[in-house]
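Understanding the architecture of this molecule
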Amino acid sequence: MTAVGIDAIEIWTGKLQLNLPETFAPAKGEDPGKYTKGLGLETSSFPDAYEDIVTMGANAAKRLMDRKGLDPQDIGRIDVATESAFDNSKPVSTYIAGCLEQVYDGDFHHANKGERKFACVAGTQSIDDAYNWIKAGRNRGRSALVIATDTALYARGDPGEATQGAGAVAMLISENPSVVELSTEQGYGSADETDFLKPNQQFPSVDGKRSMQVYLARMREALTDFESVAWDAHPDDFAYVPFHTPFPGMVRKAGLLGYRHMIRDTEIEDALEGRIGRQPREEDFDDWESYEEAIRAYMDDLKETEEYQSWYADIIEPTLDISRRVGNWYTGSVHIARASALRHAAANDVDLAGQKLLVASYGSGAQAEIHAETVADGWKEEIEAADLEDQLQRRYDLSYDEYEQVHDRHNHDMDVELEEFTHPDGEFVFTGWGRMSERK
Ligand code: CAA
């Protein structure tokens, strides 16, 4: 059976950054530790005046196509995942294809284009669509271009404001992939939820605390579902576990949940029994509340164990490096967590080929998807070819006043005049409504 998976990844960060402990915290009268230690964030990324979800997505895709030596004939579909779309009719992929057609010989008239929406999980869903399309034999030898692109902004004063971010991840889904091979081993947790909504409004209405509970509840369901169709996951099965990362502090909670789930009925639970007891089992309790209380107490103890802390440091912490520096990218977020882990492995000479990742995606509204993937032979070369570090370092550091202007101008609010803080450097730029983004 032909392997199908991610053959290449390119990342485009918004070209501005806001330093949370040094710039945001003093302006908000908050202790910097709330952001760095509590939420786990250092800086957020923002788009410059000439950037939006189209330009960031097109720039990431162009970089990917150039590096892989592709032209439009090699691509059979372009799927964009976003929760920041500005057009209720045309998918963002048509705008991105329009950009790319300005610079390549040939066009994408033959390519199927779509837009996936299910909050942050849509990026992974687009990969699943591409996988199914190739596995069904409908790709005629072509690859799929999946682009997750978002400007994740919240109203000023909303607790979510500290977790903002903007950027795009372009991924090539192909036969015989170089980065990771996808599998049919998947599990879902899905329910109709209203903790995070954007009904025809620019910024989301969020019940932040509830959104965290919903994330964990759906993730727990997805893990259980995964185990019902794949195998009983054990912490040692996976080299890394990239989670959807709205902010690293959320992954601290998700990682603990995942670890507790995976050690159940294993030698790890046996070894911990003398120190913290066995995990509470639902069937031993008369009501859900007492069970939940017992679970919380067990998790508090588990968190302090050396076993959990060293697993977290080795398996989860490396997935958070990029996220700490860019904030939430919504649909791209779990994919930067995977990229972050691969970068960490490459920098530390880890031999990853053939090892498994457990990828835990999540979208508000709400759905979690857990799937396993196997790292492919060419992973190191691919991840080293993406020039992310330069991009991160080149970002313009906003003052708080400048940040407020950028925020006001978000979503093409043309009433707010905004200077460019950086200069385009041979890239697609937004040139105004009703006009195509151009290359400058
Ligand atoms: N030093 C160290 N830690 C500190 C601190 C200090 N000085 N001050 C506070 N903290 C800690 C707190 O104890 C807390 O940690 P715990 O959760 O482990 O207790 C953490 O910092 C955050 O502090 P608060 O809970 O007081 O923060 P908040 O209420 O102002 O905001 C939030 C948190 C509600 C999650 C907010 O960021 C938010 O609304 N975010 C948007 C929604 C979101 O991202 N939800 C996540 C799940 S939904 C999802 O994943 C989809 C998506 O992408 C949006």
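Use the structure listed above.
The rules behind the values
- Residues numbered from 1 in each chain as written.
- Predicted model: local features only at pLDDT ≥ 70, side-chain atom pairs only at ≥ 80, totals over all residues.
- Heavy atoms only, no water.
- Pairing = 2+ DSSP bridges.
- Helix = DSSP H or I, 4+ residues; strand = E, 2+ residues; numbered from the N terminus.
- Right-handed = clockwise from strand over helix to strand, strands pointing away.
- Patch = residues over 30% accessible without salt bridge, like charges linked within 9 Å, V, L, I, M, F, W, Y side chains within 5 Å.
- Areas by Shrake-Rupley, 256 points an atom, 1.4 Å probe, with all protein chains shown as cover.
- Salt bridge = Lys/Arg side-chain N within 4 Å of Asp/Glu carboxyl O.
- Lys, Arg positive; Asp, Glu negative; His and termini not counted.
- Charge placed at Lys NZ, Arg CZ, Asp CG, Glu CD.
- Buried < 20%, exposed > 50% of the residue type's maximum accessible area, 1.4 Å probe, protein only.
- Core = buried A, V, L, I, M, F, W, Y, C linked by side-chain atoms within 4.5 Å.
- Contact = heavy atoms within 4.5 Å.
- Near = heavy atom within 4 Å.
- Polar contact = N/O pair within 3.5 Å; in protein donor to acceptor, adjacent residues only side chain to side chain.
- Nonpolar A, V, L, I, M, F, W, Y, C, P; charged D, E, K, R; others polar.
- Axes fitted to C-alpha atoms, helices over the stretch in contact; angles between N-to-C directions.
- Parallel < 35°, antiparallel > 145°, perpendicular 65-115°, else oblique.
- Left-handed = near helix turned anticlockwise from the far one by under 90°.
- Phe/Tyr/Trp six-rings, centres within 6.5 Å; stacked < 30°, edge-to-face > 60°.

For strand E4 (residues 75-81) and strand E5 (residues 112-116), the ladder comprises five bridges, and the chain directions are parallel. Bridge pairing in E5 links Ala81 to Arg116. Read from E4 through helix H4 (residues 92-101) to E5, the crossover connection turns out right-handed.

Positive charge collects at one region of the surface, where Lys209, Arg252, Lys253 and Lys303 lie side by side. Within the secondary structure, Lys303 sits in helix H9 (residues 288-303). Lys303 sits in the partly exposed class, given a relative accessible area of 37%.

To continue, consider the nonpolar core. Ranked by size, the top nonpolar core spans 61 residues in total, and within it Met219, Phe243 and Trp311 carry the most contacts. Residues in contact with Trp311, not counting those within four places in the same chain, are Pro235, Val241, Gly255, Tyr259, Met262 and Ile316. Grouped together as the second largest cluster of nonpolar side chains are 37 residues, Ile6, Val179, Ile336 and Ala346 included.

This part is about the site of the ligand. Close contacts around the ligand come from 28 residues, with Lys34, Lys209, Ser211, His244 and Lys253 the closest. Asp31 places a polar side-chain atom, nitrogen or oxygen, 3.1 Å from a nitrogen atom of the ligand. Between a nitrogen atom of the ligand and a main-chain N or O atom of Gly33, the distance comes to 3.5 Å. If you list the elements that add at least two residues to the shell around the ligand, you get helix H2 (32-39), helix H6 (208-229) and helix H7 (248-263). Taken together, the residues that form the shell around the ligand break down as 13 nonpolar, nine polar and six charged.

With that settled, consider the packing of H6 against H7. One way to put it is that H6 packs onto H7 with a least axis distance of 10 Å and a crossing angle of 30°. Accordingly, the angle class assigned to the pair H6 and H7 is roughly parallel. In this structure, H6 crosses over H7, and the sense of that crossing is right-handed. Contacts from Met212, Tyr215, Leu216, Met219, Arg220, Leu223, Thr224 and Glu227 of H6 reach H7 at Met250, Lys253, Ala254, Leu257, Gly258, Arg260 and His261. Split into classes, the residues belonging to the contact of H6 with H7 amount to eight nonpolar, three polar and four charged.

The strands making up a sheet associate through hydrogen bonds between their backbones, and the pairing can be parallel or antiparallel. Across the sheet, nine strands lie side by side as E5-E4-E6-E7-E1-E8-E13-E12-E11; this open sheet has mixed pairing. Edge positions in the sheet fall to E5 and strand E11 (238-240), since each has one partner strand and no second. Adjacent strand axes in the sheet meet at a mean angle of 30° when their direction is disregarded. Bridge analysis of strand E8 (residues 180-190) against strand E13 (residues 367-375) gives eight bridges, and the strand direction is antiparallel. Counterpart to Ser190 in the pairing with E13 is Gln367. Relative to E8, H6 is tilted by about 120°, and along the sheet it contacts E8, strand E12 (356-363) and E13.

A word on the packing of H2 against H7. Think of two packed helices as two axes; the pair is described by the angle between the axes and how far apart they sit. In the contact formed by H2 and H7, the axes pass within 7 Å of each other and the chain directions differ by 35°. Contact residues: H2 offers Lys37, Gly38 and Leu39, while H7 offers Pro248, Gly249 and Arg252. Along the lines of polarity and charge, the residues of the contact of H2 with H7 split into two nonpolar, two polar and two charged.

The next thing to look at is the packing of aromatic side chains. Counting across every chain of the model gives 19 aromatic pairs. The interplanar angle of 90° and the centroid separation of 6.1 Å between the aromatic rings of Phe196 and Tyr330 together place this pair among those described as edge-to-face. Residue Phe196 is located in strand E9 (residues 196-197), and its partner Tyr330 is located in the loop between helix H11 (321-326) and helix H12 (333-347); the two are separated by 134 residues in the primary sequence. Assigned by exposure class, Phe196 and Tyr330 land together as buried. Ring centres of Tyr215 and Tyr362 lie 4.7 Å apart, and the angle between their planes is 45°; on these two criteria the pair is classed as tilted. Note that Tyr215 is positioned in helix H6 and Tyr362 in strand E12, a separation of 147 residues in sequence.

The next subject is the sheet that holds strand E2 (residues 16-19). Spatially, the three strands line up as an open sheet ordered E3-E2-E14, and their pairing is mixed. If you trace the sheet from one side to the other, it starts and ends with strand E3 (43-46) and strand E14 (396-397), each paired once. Summarising the sheet, E2 and E14 pair through two bridges and their orientation is parallel. The residue bridging Leu16 from the neighbouring strand is Tyr396, located in E14.

Following Gly365, the chain continues to Ala366 via a peptide bond in cis, the omega torsion being 5°. Mapped onto the elements of the fold, Ala366 is located in the loop between E12 and E13. Its identity is not glycine, yet Arg140 carries a phi of approximately 50°, on the positive side. As for its placement among the helices and strands, Arg140 is situated in the loop between helix H5 (122-135) and strand E6 (143-152). Taking relative accessible area as the criterion, Arg140 reaches 70% and is therefore assigned exposed. Its identity as a non-glycine residue notwithstanding, Asp265 has a phi of 60°, on the positive side. With respect to the element layout, Asp265 can be found in the loop between H7 and helix H8 (267-276).

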